[in-house]
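Single-letter residue listing:
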Amino acid sequence: MATKMTVQFNLFGGTVLKLGTKRHHDKLLAGIDTLEDIGCFGLTELGYGNNAIEMETTATYDKSTQEFIINTPTTLAQKYWITNGAIHAKHIVVFAQLYVDGKHYGIHGVLVRIRDDNMKVMPGVRVEDMGYKIGLNGVDNAKLFFDNVRVPRENLLNRYSDVAEDGSFTTSIESNRKRFLTVADQLLSGRICIASMSQGGSKTALTIALRYAATRLTVGPKGQSDTPILNYQLQQRALLPLLATTYAINFGLDYVKDRWAFQNEDGSEHQEVVTMCCAIKTLAGWNLHDVASTARERCGGQGFLACNGLGIAIASAHASMTAEGDNCVLMQKVAQERLMAFTTLPVDDGKKEDLSDVTYLHNLLKKRENTMFMTLGMKLMAAGKDGRFDTWMYKESDLVQGAARAYGERLVSERFAETISAADASCQDILQQIYHLYLLTVMERNLGWFVTSGTMSVDTGAKVNAAAADACRVIAPQTLNLCEAFAITDSMLSAPIARDWVEYNVRDNQGEVI
């Protein structure tokens, strides 16, 4: 439902609101709010996803009738993976190459009716269900084709560009590429929505797994089943670093939301916000993947039961990593944009190596970001203009991805520190402990780079694992309280192992939540 509503209110509704004008608002906004006018967002095509600017769908203006003709010219041009399209949508914003009098004006959004009020598919429109997926089958995804479908001239979303009755084209945006980036800008808030959904999935999966770990008893020191598995280092080392990372990403996401919502109206912050949105979406999605897979495993056979919800989290993670931009491709964009605006971050080269000092650990994150971007920049300079593409796409992909992730993790760390400084005094100690574990987790995952690059000494690197294990032991007694802070109700969790799982198994339940 979250996916469907995100499309309805953000991608479809937000596009009508931001790219449309009064004529579109008066006609549709009320119905969008009441769900009387459900819509979808027609950007992706079978042959054009991350390269959507090359899409083939056309919108050709016919002056004689003052209509746009929407057409799917090839198989590759069919609109693909269109959420809400298979069952519920009456409308679609079709993104298409605009032509007037044979001249090409780039990609624009046009409103097209795909079903009438009786939900019958409109003439010239072909709708096909995408079929059964590995998860999220409550979301209706469609393939859509348009056979020279005619719509009124007024259906062009015309906030930035318009076509007059006589076919004259006017625009406030100078180039076709900039127009595309503007009309597709709703994807930006879509990435924030996906990051938020990923965080919801991570919090849910962690709460389920940690509640179960706190109540599932097994063999203790005396050989009796009297010890919660949460007491074991195995369980703590698997789950608590993910809990710390989820907290950290949440603080980063809160900051990105604020930066997106309160940008300067002159657009001077927009590119920086774009970069942050792309980075936080990827970090949240990858974290959900790690959380869901690990939680499933650490819950044993109970985690394999559908009723306990972890399978949904795994499927959601895979959807998150692909929707609104493949994570790795988005990280290419992060690296590119960050490199273009890069200035070295101030670091303290004389900082004493101390794994208990969060300022030392954060300083390492800044050093990593500086080193990776400077290295990437030098490699591109050495390659020259002719060799840039080969260097970026064929030779230095690991460096590109690593630099982008270094930026994202440094940003998250920075926001965590700021959150602690502004927090109530009663919360600062536990937040500091979580922050410490987050930083050690980043060190552990990237220990090879930190040591081989000389950023961390071999002796200090050898102590990181033990320091992270100690940090987990410190946080473990507060684990359930930290989960309670997510404020996810029992009815929302719905998982028997997060509640009274013994009572659940008193009777034949057929694996269902009653």
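Being a predicted model, the structure only gives us computed values, none of them experimental. (Residues numbered from 1 in each chain as written. Predicted model: local features only at pLDDT ≥ 70, side-chain atom pairs only at ≥ 80, totals over all residues. Heavy atoms only, no water.)

Scanning the chain from terminus to terminus reveals 18 helices and 13 strands. The C-alpha atoms of the chain give a radius of gyration of 26 Å, which matches the 24 Å a tight globule of 514 residues would have. Each principal axis of the C-alpha distribution contributes one length, and for the chain these read about 85 × 65 × 40 Å. In the chain, buried positions account for 52% of the 514 residues. Partitioning the contacts of the chain with sequence separation of at least 6, the portion at a separation of at least 24 is 71%. Split by element, the accessible area of the chain, about 23700 Å² in all, is 53% carbon and sulfur. If the 51 positive side-chain charges of the chain are averaged to one point and the 58 negative ones to another, these points end up 2 Å apart. (Helix = DSSP H or I, 4+ residues; strand = E, 2+ residues; numbered from the N terminus. Rg over C-alpha atoms; globule rule 2.2 N^0.38 Å. Buried < 20%, exposed > 50% of the residue type's maximum accessible area, 1.4 Å probe, protein only. Contact = heavy atoms within 4.5 Å. Areas by Shrake-Rupley, 256 points an atom, 1.4 Å probe, with all protein chains shown as cover. Lys, Arg positive; Asp, Glu negative; His and termini not counted. Charge placed at Lys NZ, Arg CZ, Asp CG, Glu CD.)

Right, let's get into unusual backbone geometry. The residue Gln66 is not glycine, and still its phi comes out positive at about 55°. Note that Gln66 resides in the loop between strand S2 (58-62) and strand S3 (67-71). Gln66 sits in the partly exposed class, given a relative accessible area of 30%. Positioned with a positive phi, Gln510 is a non-glycine residue whose angle comes to about 55°. Counting through the fold element by element, Gln510 comes out in the segment after helix H18 (501-504). A relative accessible area of 62% means that Gln510 is categorised as exposed.

With that settled, the discussion passes to the environment of Leu35. As for its placement among the helices and strands, Leu35 is situated in the loop between helix H2 (22-34) and strand S1 (39-42). Sequence separation between Leu35 and Arg499 is 464 residues; the distance between their C-alpha atoms is 35 Å. Apart from residues lying up to four places away in sequence, Leu35 is in contact with Met5, Gln8 and Phe9.

This part takes up the pattern of salt bridges. A full pass over the atoms with the stated rule returns 31 salt bridges. One salt bridge connects Lys63 with Asp101, and the closest N-O pair in it is separated by 3.4 Å. Residue Lys63 is found in the loop between S2 and S3, and its partner Asp101 is found in the loop between strand S5 (91-100) and strand S6 (103-113); the two are separated by 38 residues along the sequence. By relative accessible area, Asp101 is classed as exposed at 57%. (Salt bridge = Lys/Arg side-chain N within 4 Å of Asp/Glu carboxyl O.)

We now examine the packing of helix H4 (residues 186-215) against helix H6 (residues 270-298). Helix-helix packing is described using two parameters, namely the angle between the two axes and the distance between the axes. Remark: H4 packs on H6, axes separated minimally by 8 Å, with the N-to-C direction vectors making an angle of 25°. Taken together, the axes of H4 and H6 lie roughly parallel to each other. H4 and H6 meet at a crossing whose hand is left-handed. Of the residues belonging to the contact of H4 with H6, the class tally is 16 nonpolar, seven polar and two charged. (Axes fitted to C-alpha atoms, helices over the stretch in contact; angles between N-to-C directions. Parallel < 35°, antiparallel > 145°, perpendicular 65-115°, else oblique. Left-handed = near helix turned anticlockwise from the far one by under 90°. Nonpolar A, V, L, I, M, F, W, Y, C, P; charged D, E, K, R; others polar.)

Taken as a whole, this structure holds 11 aromatic pairs when the rule is applied. Ring geometry for Trp449 against Phe450: centres 5.3 Å apart, planes inclined by 85°, an arrangement best described as edge-to-face. Overall, the relative accessible area of 22% leaves Trp449 in the partly exposed class. Taking relative accessible area as the criterion, Phe450 reaches 0% and is therefore assigned buried. Taken together through their ring pairs, the aromatic side chains of Tyr247, Phe251, Phe416, Tyr435 and Phe486 make up a single cluster. The lysine or arginine in question, Arg126, covers the ring of Phe145, its NZ or CZ lying 3.7 Å from the ring centre. It is Arg415 that lies over the ring of Tyr255; its NZ or CZ is 3.8 Å from the centre. (Phe/Tyr/Trp six-rings, centres within 6.5 Å; stacked < 30°, edge-to-face > 60°. Lys NZ or Arg CZ within 6 Å of the ring centre and 35° of its normal.)

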